[in-house]
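Residue-level structural notes
The primary structure of each chain is shown beneath.
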Amino acid sequence: MCGIVGYTGGGQAAPILLDGLEKLEYRGYDSAGVCVQDGGGLKVAKAKGRLSHLSALLEGGKALQGTTGIGHTRWATHGAPSDENSHPHIADSGKIAVVHNGIIENYQKLKERLLAAGKRFHSETDTEVAANLIEYFYDQGFDFKMSVRKAVERLEGSYALGILCRDCPGVVIAVKHESPLVFGFGKGCNYIASDVPALLKYTREVCYLSDGDMVLFTDREAHFFDAAGDPVVRTPEHIGWDASAAEKAGYPHFMLKEIYEQPKAVRDTLSPRLRDGEIALDDVRLPADYLRSLRRVYAVACGSAYYVGVQSKYILEKLCKLPVEPVLASEFRYADPVLGEDTLVIILSQSGETADTLAALREAKARGARTLAIVNVVGSSIARLADDVLYTWAGPEIAVATTKAYSTQLAVVYLLALSIARQLGTVDGARFEALYAQLERLPDLLEQVLDRRTVAQLQYDASRYFHNRDVFYIGRKLDSATCLEGSLKLKEIAYLHSEAYAAGELKHGPISLIEDGTLVVALATEPAMFDKTVSNIREVKSRGAEVLGLTIERLGEELQKTVDSALLIPETDPLFQPSLAIVPLQLFAYYMALMRGCDVDKPRNLAKSVTVE
Ligand code: F6R
């Protein structure tokens, strides 16, 4: 989604803004712009298309002089991608400039009133309404800060705003409501950004603004105010990871780097919690009495995180004997779910800012359920709002298509399931120890999956199949959940139509789509389900499908008899096998995307952090 950067200090603003925006490119965008203030004037440059285009127009920033500025990458919501709709937006009389991330839901009503008051509009965006509304109050004699306050009181929806006023050189105001915004404390300068990577080159001292926060800052001072307008103290938090964690480090794409980071990310997530033969869930307390009182667990999330929720159903139900319902956050928030004190709602999110997931969390809390968030971004809105948090220690994930965040979410689900099962006594001592030992081995096994031979085979398979029009993924139980994620990867980065089906379901309709050459990726990693899935593979083979099979090494020879190409992964407990099975599917999607000439890290129409509904 949109990216915001703001700066004021002694240096030239435009190069800093362009550099910061480059670090936010991963969020997805279709146009970019900056506004720089020099003395009194507000100078704007914006253009549809890649940031590199804007940067070239501005000679890397040299062509736009000024030491205070705001910048933006836009992901279109209101109005098509165009130069006019790009941010920053300047209010009608040229006194106010605004960049915005989010959606102003009542913009139409506000626009009508502003039009009646004589304000003119030059774009189709909701953001221009915010700019004109601030200017409307400013024209009435309120100062810059009060004009912003009065305007935001009238805004409905979600917004992070960066604002300049022509008459207040060197001052930036930023406001946050349900869209992420980070403040960066510099020396003789200060910053805002939608995410930390934009700031790391300049400062590691940041604070995540809370909903309702406003900050007014100059090069030397920052004044924070809460939603009521009262001054509040916001203290800096030190960011431990450095800029190189958000760089490609020699890999051609962030996605490939992040795929290879999975053994480490899963190790970092698991090992501090595997302590002396027991599971230590940080500060999360789930006492046996509370767990016994639970009637139902929901796993709520969007996209890949939702697919981890689907995995969690199989894992928690098997180990803990608790009914688990995975629900898409966008549905959950409006579905009137049955919730109460006897319900645990697990919220999964990499960014911790996904609008639907955040709304679902609020709904669950309002209805009295206990909420436990599995989140990657420390200090994000979801992490702060949930009753309990378990962080996935994946580090920054930059590629739009998630890989290591998905894997670490899965690892946290394993820990949670084992911990609950231990408390409830739903697994005996020997089984617990066996599962614990398998969890300890998981990062090493992930390293084995990334072995060069597997990668070479996947490259070869991609070169055989990249012209295909449709791809089906089939598997049973946990494998069927892994198929959902494998298929999503292919859709989002290789732009290939693909469907994931429980293998036994295929003959109830979709098998009619199988014809000569249709590619079917078949997962058969669970020994107890192997023969059943092989029967389903035969069904598609006899209708002309090409089958790429995936199983554990021990069953490889058997699978090879039925499929066109077999991928083998090491064996672990069937409950943990999805952690290993997803990696070849990620790599397959990656190489398919490369062969099809797609922009792997920035797939079309997609945003990394979906902060609008
Ligand atoms: C797919 C992908 C998305 C996210 C979804 C939720 O590769 O990345 O489907 O999983 O948008 O995002 P978070 O986890 O940030 O809530």
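Use the structure listed above.
Let me begin by describing the structure that accompanies this report. (Residues numbered from 1 in each chain as written. Predicted model: local features only at pLDDT ≥ 70, side-chain atom pairs only at ≥ 80, totals over all residues. Heavy atoms only, no water.)

1. Things to note about the sheet that holds strand E25 (residues 519-523)
Within a sheet, each strand pairs with its neighbour through backbone hydrogen bonds, oriented either parallel or antiparallel. Strand order in the open sheet made by the five strands is E24-E23-E25-E26-E27, with parallel pairing throughout. Edge positions in the sheet fall to strand E24 (497-502) and strand E27 (565-569), since each has one partner strand and no second. If you compare each strand with its neighbour and ignore which way they point, the axes differ by 15 degrees on average. Packed onto the sheet, helix H17 (residues 530-541) meets strand E23 (470-475), E25 and strand E26 (546-552) and runs at close to 170 degrees relative to E26. (Pairing = 2+ DSSP bridges. Helix = DSSP H or I, 4+ residues; strand = E, 2+ residues; numbered from the N terminus. Axes fitted to C-alpha atoms, helices over the stretch in contact; angles between N-to-C directions. Contact = heavy atoms within 4.5 Å.)

2. A look at the site of the ligand
The environment of the ligand is formed by 14 residues, the closest being Ser349, Gln350, Ser351, Thr354 and Glu492. Note that an oxygen atom of the ligand is positioned 2.6 Å from one of the backbone N or O atoms of Gln350. Burial of the ligand by the protein chains amounts to 90% of its free accessible area of 400 Å². Where the shell around the ligand is concerned, the elements lending two or more residues are helix H9 (303-320) and helix H16 (478-494). (Near = heavy atom within 4 Å. Polar contact = N/O pair within 3.5 Å; in protein donor to acceptor, adjacent residues only side chain to side chain. Areas by Shrake-Rupley, 256 points an atom, 1.4 Å probe, with all protein chains shown as cover.)

3. Here we look at the pattern of salt bridges
Throughout the structure, instances matching the rule amount to 41 salt bridges. Close ionic contact of Arg120 with Asp92 constitutes a salt bridge, the shortest N to O distance being 3.2 Å. Separated by 28 residues along the polypeptide, Arg120 in the loop between helix H3 (107-116) and helix H4 (127-139) and Asp92 in the loop between strand E5 (89-90) and strand E6 (96-104) bring together distant segments of the chain. Given the relative accessible area of 52%, Arg120 is considered exposed. For Asp92, a relative accessible area of 17% puts it in the buried group. Ionic pairing is found between Asp444 and Arg267, a salt bridge with its closest N-O pair at 2.9 Å. One end of the pair, Asp444, is in helix H14 (residues 429-449); the other, Arg267, is in helix H7 (residues 262-270), with 177 residues separating them in the sequence. (Salt bridge = Lys/Arg side-chain N within 4 Å of Asp/Glu carboxyl O. Buried < 20%, exposed > 50% of the residue type's maximum accessible area, 1.4 Å probe, protein only.)

4. Here we look at the pairing of strand E12 (residues 214-217)
Burial of E12 is two-sided: the residues Met214 and Leu216 facing one way and the residues Val215 and Phe217 facing the other way are all buried. Pairing of E12 with strand E13 (residues 222-225), which is carried by four bridges, proceeds in the antiparallel orientation. In the sheet register, Val215 faces E13, and the bridge partner there is Phe224.

5. Side note on the nonpolar core
One finds Leu319, Leu348, Leu439, Val521, Leu587, Phe588 and Met592 to be the most contacted residues of the largest nonpolar core, which totals 149 residues. Setting aside anything within four residues of it in sequence, one finds Leu319 in contact with Ala417, Leu418, Ala421, Thr426, Val427, Arg431, Leu435 and Leu575. (Core = buried A, V, L, I, M, F, W, Y, C linked by side-chain atoms within 4.5 Å.)

6. So, the pairing of strand E1 (residues 3-9)
Most of E1 sits inside the fold, with seven of its seven residues counted as buried. The side-chain alternation of E1 yields two buried faces, one formed by Gly3, Val5, Tyr7 and Gly9 and the other by Ile4, Gly6 and Thr8. The pairing of E1 with strand E4 (residues 68-74) spans six bridges and is classified as antiparallel. In the strand pairing of E4, Thr8 is matched with Thr68. Pairing of E1 with strand E10 (residues 189-193), which is carried by five bridges, proceeds in the antiparallel orientation. In the sheet register, Gly9 faces E10, and the bridge partner there is Cys189.

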